[in-house]
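Each chain is listed here by its residues.
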Amino acid sequence: MRRLMLLRHAKTEHDAPSGHDQDRRLDERGRLDAAAIGTWIGRHPPLPDAVLVSTAVRARQTWEIARDAMNDAVRERLPQPQVELLDELYGAEPAQLLRIIRMAEVTDPARLMLIGHNPGMHELALMLAGSGDAAAKKSLEHNLPTAGLAILDFAVGDWSEVAFRRGKLVRFTSPKLLKQALDD
């Protein structure tokens, strides 16, 4: 069994001071949302064994804030995941993202998290989900919002076997959905 966690970066400023899209930073809402999703992940183990993060500033900041919130939410000290920054995640299309996921067989984590960008991450989540939570799938069809998290399980023994429509969508959540759940 392999678990894949797809996390879109949190909300960002509209323009980077440098003028380069990759340099856009999280805004205040983005920092709060990254912490909220990190806290949720920390309270809903299992946690990722490995994390692949886009080199864009907003993706790195999302990971750093979410990681700290996860650690704060976990009562006992857990091993930290192996983290790798990948240029290839920036602007990647679903087929490129799938190749990156399949490469995880080298380190073979049971649970892998990707932190990247739309439209690739949203399209990938939809293309991987062949079964699972119908309500979550319906919500995910509309969008993978900033700081949105899709969790998929694959009944495979190796990451190289992960394929489109073979995943089971276990959960889809976002800071907005977490807030709605609290308000209900």
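Our structure is the block above this text.
Keep in mind that this is a model prediction, so the values were computed, not measured. (Residues numbered from 1 in each chain as written. Predicted model: local features only at pLDDT ≥ 70, side-chain atom pairs only at ≥ 80, totals over all residues. Heavy atoms only, no water.)

### Section: the nonpolar core
Defined as follows: In these notes, a set of buried Ala, Val, Leu, Ile, Met, Phe, Trp, Tyr and Cys residues joined through side-chain atoms within 4.5 Å is what counts as a nonpolar core. Three labels apply to residues, based on accessible area from a 1.4 Å probe with only protein chains included: buried if under 20% of the type maximum, exposed if over 50%, partly exposed otherwise in between. Here a helix means four or more residues in a row that DSSP labels H or I, a strand means two or more in a row labelled E, and each is numbered from the N terminus.
Core analysis: the biggest nonpolar cluster contains 30 residues, and L4, L6, L112 and L114 have the highest contact counts within it. Contributing elements (two or more residues each) for this core: strand 1 (2-8), strand 2 (50-54), helix 3 (94-102), strand 4 (111-116), helix 4 (120-128), helix 5 (134-142), strand 6 (149-154) and strand 7 (167-173).

### A short note on the side chain of H117
Heads up, the condition is: In protein, a polar contact requires one atom able to donate a hydrogen and another able to accept it; more generally it is a pair of N or O atoms within 3.5 Å, and residues adjacent in sequence count only if both atoms are side-chain atoms. Residue contacts follow a heavy-atom distance rule, with two residues in contact if any of their heavy atoms lie within 4.5 Å.
Tracing the chain through its elements places H117 in the loop between strand 4 and helix 4. When its relative accessible area of 6% is taken as the criterion, H117 is described as buried. Side chain to side chain, H117 and S54 meet in a polar contact 2.7 Å long. Once you skip the residues sitting within four places of it in the chain, H117 turns out to touch H9, S54, A56, R58, A59, L89, Y90 and G91.

### Focus on the sheet that holds strand 1
So the rule is basically this: Strands are labelled as partners when DSSP assigns at least two bridges between them. A fitted line through C-alpha atoms serves as each axis, taken over the contacting stretch for helices, and the angle formed by two N-to-C directions is quoted from 0 to 180°.
Judged by pairing direction, the sheet is mixed, and its seven strands sit side by side in the order 3-2-4-1-6-7-5 without closing on themselves. Edge positions in the open sheet fall to strand 3 (82-86) and strand 5 (129-132), since each of these has one partner strand only. Taken pair by pair, the neighbouring strands of this sheet meet at an average axis angle of 25 degrees, ignoring direction. Direction of pairing for strand 1 relative to strand 6: antiparallel, over a ladder of six bridges. Following the sheet pairing, R2 is matched in strand 6 by F154. Against the sheet, helix 5 touches strand 5, strand 6 and strand 7, its axis set at about 70 degrees to strand 7.

### A word on the packing of helix 4 against helix 5
Our working definition: Oblique is the label for any angle not under 35 degrees, not over 145, and not in the 65 to 115 range, which are roughly parallel, roughly antiparallel and roughly perpendicular in turn. Rotating anticlockwise by less than a right angle from the far helix to the near helix defines a left-handed crossing, while the corresponding clockwise rotation defines a right-handed one. Three categories are distinguished: nonpolar for Ala, Val, Leu, Ile, Met, Phe, Trp, Tyr, Cys and Pro, charged for Asp, Glu, Lys and Arg, and polar for the others, with Gly belonging to the last.
Following both chains from N to C, one finds helix 4 and helix 5 inclined at 150 degrees, their axes separated by 10 Å at the closest point. Classed by the angle they form, the pair helix 4 and helix 5 counts as roughly antiparallel. Of the two elements, helix 4 crosses helix 5, and the hand of that crossing is left-handed. Of the residues in helix 5, those in contact with H122, A125 and L126 of helix 4 are L140, E141 and H142. Among the residues making up the contact of helix 4 with helix 5, the classes are represented as three nonpolar, two polar and one charged.

### What to know about the side chain of R58
On the secondary structure map, R58 appears in helix 2 (residues 57-73). Those residues within four positions of R58 in sequence are excluded, and the remaining contacts are H9, T12, D21, Q22, R24, L26, Y90 and H117.

### Some points on empty space enclosed by the protein
The test is simple: Think of a 1 Å grid over just the protein atoms. A cavity is a set of points where a 1.4 Å probe fits yet cannot get out, a pocket is an open set with protein on both sides within 12 Å along at least five of seven lines, and lining residues have an atom within 4 Å of a point. Grid points are joined across faces, edges and corners, and a volume is the space filled by probe spheres set on the points.
Evaluated as defined, the whole model comprises one cavity of 30 Å³ or more. Of the volumes computed, that of the largest cavity is approximately 120 Å³. Lining the largest cavity are 13 residues, with L47, M70, N71, P79 and Q80 positioned closest to its centre. Split into classes, the residues belonging to the lining of the largest cavity amount to eight nonpolar, two polar and three charged.

### Things to note about unusual backbone geometry
Residue P46 is bonded to the preceding P45 through a cis peptide linkage, with omega at 10 degrees. Along the chain, P46 turns up in the loop between helix 1 (28-43) and strand 2. With an omega of 10 degrees, the peptide bond between N118 and P119 qualifies as cis. Here P119 lies in the loop between strand 4 and helix 4. Despite not being glycine, D108 shows a phi value in the positive range, around 50 degrees. Along the chain, D108 turns up in the loop between helix 3 and strand 4. The partly exposed category is assigned to D108, whose relative accessible area is 36%. Even without being a glycine, A147 presents a positive backbone phi close to 60 degrees. Tracing the sequence through the fold places A147 in the loop between helix 5 and strand 6.

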